[in-house]
Amino acid sequence: IYMTSPLVYRKAVYAACTDENYQGRACVACFDASTGRQLWKCKVANAIKNTIVADDGKIFAQDVDGNLYAIDASSGRVKWQKKLPMKTILPALIDGIVAKDGIVYAGSGEALCAVEAATGKELWRNTGWRRGEGTTSTLSTDGDILIGSAHWQALYGNDARTGKLLWRADKDGIRHRSSSAVIDGGVIYLASDASLFVIDKQNGNVLSRKQLPFSVNVASTPLVTDSEIIFGTLADGVVALHRETMDEKWRLRPEKAMIY
């Protein structure tokens, strides 16, 4: 398993695995949430290295070669499969996907597209920006806007309904973030470099920036609650900021990592 978080959906837990050099072991698997018993395993062509999502009774995943899968959540059978228009094989497609209101958003750069969850029909394809190096971040949407990313280049805001590029943000360390963006209350929360950013979702303008005394060059996506913004750091553990004032509320240093 690489960057794929467990997915809980309809009393089951889903996970996807990585597989290098086409060894035939890449899959999406389903487990009973109460017992942990494996219910099914669906083989895929290549490694899946980031977020999988659920919608419309299906599990959606994309592999590093740009194959997008719609898998029946109950049976594990592939309902449809789509090859995303990847122009190059390298760098591998390791971005995470997102689904909302019957639409799956997948791919990156020229291959970024909106797909009908029920049928696999492509609704639009991005023409506003090109992908760069592979990014560990996951796409984000609230139904109106889609936030994508090209590592070392910029954070991008596309109209989620039409695919039109609305803005790009690349200043003050935003261009080399690993964290995914969170949309909450009409604004974007993003951790990058040594700052926590609050960004206007409509135009990409930075509304506020909290400079931190530690690095957040990590793939930890902020958790935004009613009163806190909580995120992981490079070497200072888990930190919570007050949502309104951005003052630090607490800091917790966890035990050693499960993966070095």
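For the structure itself, look to the data block above.
Residues numbered from 1 in each chain as written. Predicted model: local features only at pLDDT ≥ 70, side-chain atom pairs only at ≥ 80, totals over all residues. Heavy atoms only, no water.

Overview of the sheet that holds strand β11 (residues 113-116)
The condition that has to hold: Note on pairing: DSSP must find at least two bridges between two strands before they are called paired. Numbered from the N terminus, helices here are DSSP runs of H or I no shorter than four residues, and strands are runs of E no shorter than two. Lines are fitted to the C-alpha atoms to define the axes, a helix being fitted only along its stretch in contact, and any angle between axes, read from their N-to-C directions, falls within 0 to 180 degrees.
An order of β9-β10-β11-β12 is seen for the four strands of this open sheet, with the pairing classed as antiparallel. With one partner strand each, in any of the chains shown, β9 (98-100) and β12 (122-125) form the two edges of the open sheet. Each strand axis lies, on average, 20° off the axis of its neighbour in the sheet, ignoring direction.

Overview of the pattern of salt bridges
Test applied: One speaks of a salt bridge when a side-chain nitrogen belonging to Lys or Arg is within 4 Å of a carboxyl oxygen belonging to Asp or Glu. Only protein chains enter the accessibility calculation, which uses a 1.4 Å probe; a residue is then buried when its area is under 20% of its type maximum, exposed when over 50%, and partly exposed in between.
Considering all chains together, one arrives at 14 salt bridges under this definition. The partner of E122 in a salt bridge is R125, with the nearest N and O atoms 3.1 Å apart. Of the charged contacts, one joins D144 and K201 as a salt bridge, the two residues approaching to 3.8 Å between their closest N and O atoms. Placement of the pair is D144 in the loop between β13 (140-141) and β14 (145-150) and K201 in the loop between β19 (195-200) and β20 (206-211), with a sequence separation of 57 residues. Here K201 falls in the buried class, since its relative accessible area comes to 8%. Beyond isolated ion pairs, a larger network of salt bridges with shared partners links D142, D144, D159, R161 and K201.

Brief notes about the sheet that holds β20
The four strands are arranged β17-β18-β19-β20 in an open sheet whose pairing can be described as antiparallel. What marks the edges here is a single partner per strand, and that holds for β17 (182-184) and β20. Mean inter-strand twist for the sheet, computed between neighbouring axes without regard to direction, equals 20°. Bridge analysis of β17 against strand β18 (residues 187-192) gives three bridges, and the strand direction is antiparallel. When the sheet's bridge partners are listed, V182 is paired in β18 with Y189.

Quick word on the environment of I71
The condition that has to hold: When checking whether two residues touch, look at their non-hydrogen atoms; a contact exists if any pair is within 4.5 Å.
Looking at the element boundaries, I71 is found in strand β7 (residues 67-72). Judged by relative accessible area, I71 falls into the buried class, the value being 0%. Between the C-alpha atoms of I71 and C42, which are 29 residues apart in sequence, the distance is 8.0 Å. In this structure, I71 is in contact with V28, W40, C42, G57, K58, I59, G76, R77, V78 and K79, ignoring residues within four places of it in sequence.

Quick look at unusual backbone geometry
One non-glycine residue, D193, lies in positive phi territory at about 60°. Structurally, the position occupied by D193 is in the loop between β18 and β19. For D193, a relative accessible area of 29% gives the class partly exposed. Even without being a glycine, M246 presents a positive backbone phi close to 70°. Here M246 shows up in the loop between β23 (238-242) and β24 (248-252). On the basis of relative accessible area, M246 is assigned to the buried category, the value being 10%.

A few points about the packing of aromatic side chains
The geometry of an aromatic ring pair is captured by the separation of the ring centres together with the interplanar angle, meaning the angle of the planes. How we decide: Whether two aromatic rings pair depends on their centres lying within 6.5 Å, for rings of Phe, Tyr and Trp, where Trp uses its six-membered ring; planes under 30 degrees apart make the pair stacked, over 60 edge-to-face, and the rest tilted. Note on geometry: a ring has a charge over it if NZ (lysine) or CZ (arginine) is within 6 Å of the ring centre and within 35 degrees of the ring normal.
Here the structure, examined in full by the defined rule, presents four aromatic pairs. Each ring, one from F60 and one from W80, has its centre 5.9 Å from the other, and the planes form 45°; the classification is tilted. Placement of the pair is F60 in strand β6 (residues 58-62) and W80 in strand β8 (residues 78-83), with a sequence separation of 20 residues. On the basis of relative accessible area, F60 is assigned to the buried category, the value being 0%. For the ring pair W129 and Y156, a centre distance of 4.3 Å and an interplane angle of 5° mean the geometry is stacked. Note that W129 is positioned in the loop between β12 and β13 and Y156 in strand β15 (residues 154-159), a separation of 27 residues in sequence. W129 sits in the buried class, given a relative accessible area of 4%. Over the ring of Y2 we find K49; its NZ or CZ atom is 5.8 Å from the centre of that ring.

Regarding the side chain of D95
Cut-off, in case you're wondering: Two N or O atoms count as a polar contact when they lie within 3.5 Å, although within protein this holds only if one can serve as hydrogen donor and the other as acceptor, and sequence-adjacent residues are included solely when both atoms are side-chain atoms.
As for its placement among the helices and strands, D95 is situated in the loop between β8 and β9. There is a polar contact of 3.4 Å between the side chain of D95 and the side chain of S108.

Observations regarding the nonpolar core
Applied cut-off: Only buried residues count toward a nonpolar core, which is a set of Ala, Val, Leu, Ile, Met, Phe, Trp, Tyr and Cys residues joined through side-chain atoms within 4.5 Å.
Formed by 18 residues in total, the largest nonpolar core has its most connected members in Y14, V28, W40, I48, I52, I59 and I71. Elements supplying a minimum of two residues to this core: β1 (7-9), β2 (12-16), β3 (27-32), β4 (38-43), β6 and β7. Per-element accounting of this core gives the leading share, three residues, to β2. Every residue in contact with I52, bar those within four places of it in the chain, is listed here: T4, L7, Y14, A15, A16, I59, F60 and A61.

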